[in-house]
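This is what each chain is made of:
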Amino acid sequence: RLNYNNGTFGFVFGLYDTYFNSANNQDSGNDSELNDGLGVDLAASVLLFDGFEARLGISTEEVKFENAAGSGNLESDIDHQFNIALIWKPGPLTLAWELDTFHRSNDINGWNSMLLANYAFTDFLSATLRYAHVDIEEQRSDIYTLAMLMAVSDHFDLNVEYNRVEGDDLNQFAVQGIVSY
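Residues numbered from 1 in each chain as written. Predicted model: local features only at pLDDT ≥ 70, side-chain atom pairs only at ≥ 80, totals over all residues. Heavy atoms only, no water.

Trainee: What should I look at first to understand the overall build of the protein in this one?
Mentor: Counting its regular elements, the protein contains 0 helices and 11 strands. Taken across its 181 residues, the protein has 29% of its residues classed as buried. Counted over contacts in the protein with a minimum sequence separation of 6, partners at least 24 positions apart contribute 34%. Approximately 11,500 Å² of the protein is accessible, and the part contributed by carbon and sulfur atoms is 58%. (Helix = DSSP H or I, 4+ residues; strand = E, 2+ residues; numbered from the N terminus. Buried < 20%, exposed > 50% of the residue type's maximum accessible area, 1.4 Å probe, protein only. Contact = heavy atoms within 4.5 Å. Areas by Shrake-Rupley, 256 points an atom, 1.4 Å probe, with all protein chains shown as cover.)

What follows is the structure, given as structure tokens:
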């Protein structure tokens with residue numbers, strides 16, 4: 001993986017093996033050889049003006065699988081994913097929008113989008129409201145999130161999060177400890 005960032009422009013170039021889903025490949029990701037198919041990851045970010053950043057990314061990967069006839073012959077297809085994000089940070093407020101689209105070799109297509117608002121009340125306390133829509137073939141979900149992030153120390157944060165997933169009729173509550181150095 002190659003990364004470059006000068007504060008205004010950033011670029012990422014990566015080569016990898018079995019990035020999206022190792023279960024799609026014939027050996028289920030258990031083979032340590034780099035023979036599952038080559039993947040390429042490209043991303044760029046640009047600071048358009050103070051506090052406003054745009055990000056763009058694309059990933060593609062060759063996936064090998066046994067043909068439908070069951071003859072033992074491997075076929076290959078390509079998985080693709082595209083991502084765009086806009087982030088605006090005017091002071092303690094962060095507003096973001098993100099869109100992902102993808103096509104998988106098993107003919108599953110989908111997209112998801114996210115809207116986020118985060119406000120840092122102090123250096124050690126912030127709150128986030130997030131809405132995400134996930135649309136994969138005939139399955140659709142709307143996810144509403146409310147989170148509070150508290151800095152306990154310089155290297156430890158505590159995140160308390162509630163998610164409401166409509167479409168799956170699911171309520172989730174999580175408490176996470178985040179260690180950073």
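Picking up after the structure, the text goes on.
Trainee: What's the story with the packing of aromatic side chains in this structure? I'm lost.
Mentor: What the rule picks out here adds up to 3 aromatic pairs. Judged by centre distance (5.1 Å) and plane angle (10 degrees), the rings of phenylalanine 49 and phenylalanine 52 are stacked. You can call phenylalanine 49 partly exposed: its relative accessible area is 49%. Aromatic pair tyrosine 131 and tyrosine 144: ring centres 5.2 Å apart, planes at 45 degrees, arrangement tilted. Of this pair, tyrosine 131 sits in strand β8 (residues 125-136) while tyrosine 144 sits in strand β9 (residues 139-153), and the two are 13 residues apart along the sequence. The class of tyrosine 131 is partly exposed, set by a relative accessible area of 28%. Among the residues examined, tyrosine 144 registers a relative accessible area of 36% and is labelled partly exposed. (Phe/Tyr/Trp six-rings, centres within 6.5 Å; stacked < 30°, edge-to-face > 60°.)

Trainee: What's the story with the side chain of threonine 94 in this structure? I'm lost.
Mentor: Within the secondary structure, threonine 94 is located in strand β6 (residues 93-103). Residue threonine 94 is classed as buried on the basis of its relative accessible area of 18%. Apart from residues no more than four positions distant in its own chain, threonine 94 is found in contact with Ile87, Trp88, Lys89, Leu116, Ala117 and Asn118.

Trainee: Mind showing me how you'd approach the environment of asparagine 6 here?
Mentor: Looking at the secondary structure, you find asparagine 6 in the loop between β1 (2-5) and β2 (9-17). Taking C-alpha positions, asparagine 6 is 9.8 Å from valine 46, a pair spaced 40 residues apart along the chain. At 3.4 Å, the side chain of asparagine 6 and the side chain of tyrosine 4 are in polar contact. At a separation of 2.8 Å, a polar atom in the side chain of asparagine 6 contacts the main-chain amide nitrogen of phenylalanine 9. (Polar contact = N/O pair within 3.5 Å; in protein donor to acceptor, adjacent residues only side chain to side chain.)

Trainee: Where do I start with the nonpolar core in this structure?
Mentor: Generally speaking, a soluble globular protein has its nonpolar side chains buried in company with each other. Judged by nonpolar contacts, Ala85, Ile87, Ala96, Met114, Leu116 and Ala132 together constitute the single largest core of 6 residues. Only β5 (74-88) and β7 (109-122) provide two or more residues apiece to this core. If we skip the residues at most four places from it in the chain, alanine 132 touches Ser113, Met114, Ser141, Asp142 and Ile143. (Core = buried A, V, L, I, M, F, W, Y, C linked by side-chain atoms within 4.5 Å.)

Trainee: It is not clear to me how the layout of surface pockets should be interpreted in this structure. Could you clarify?
Mentor: Over the atoms a probe the size of a water molecule is rolled, and this reveals where empty space is left. Counted as a void, the largest pocket has a volume near 350 Å³. Within the residue set of the lining of the largest pocket, elements represented by two or more residues are β1, β2, β3 (38-49), β4 (52-66), β5 and β6. Among the elements that line the lining of the largest pocket, the one with the most residues is β4, at 4 residues. Residue classes in the lining of the largest pocket are distributed as 11 nonpolar, 6 polar and 4 charged. (1 Å grid on protein atoms, 1.4 Å probe; cavity = no way out; pocket = protein on both sides within 12 Å on 5 of 7 lines; lining within 4 Å. Points joined across faces, edges and corners; volume = space filled by probe spheres on them. Nonpolar A, V, L, I, M, F, W, Y, C, P; charged D, E, K, R; others polar.)

Trainee: I would appreciate a short explanation of the pattern of salt bridges in the present structure.
Mentor: Between side chains of opposite charge, a pair can form when the charged atoms approach closely. What the rule picks out here adds up to 5 salt bridges. Arginine 55 is paired through a salt bridge with glutamate 53; the nearest N and O atoms lie 3.2 Å apart. Its salt-bridge partner being aspartate 169, residue arginine 164 comes within 2.8 Å of it at the nearest N-O pair. Judged by its relative accessible area of 22%, arginine 164 falls in the partly exposed class. Residue classification places aspartate 169 among the exposed residues on the basis of a relative accessible area of 60%. (Salt bridge = Lys/Arg side-chain N within 4 Å of Asp/Glu carboxyl O.)

Honestly, that's just the spatial picture; any functional story needs more than this.
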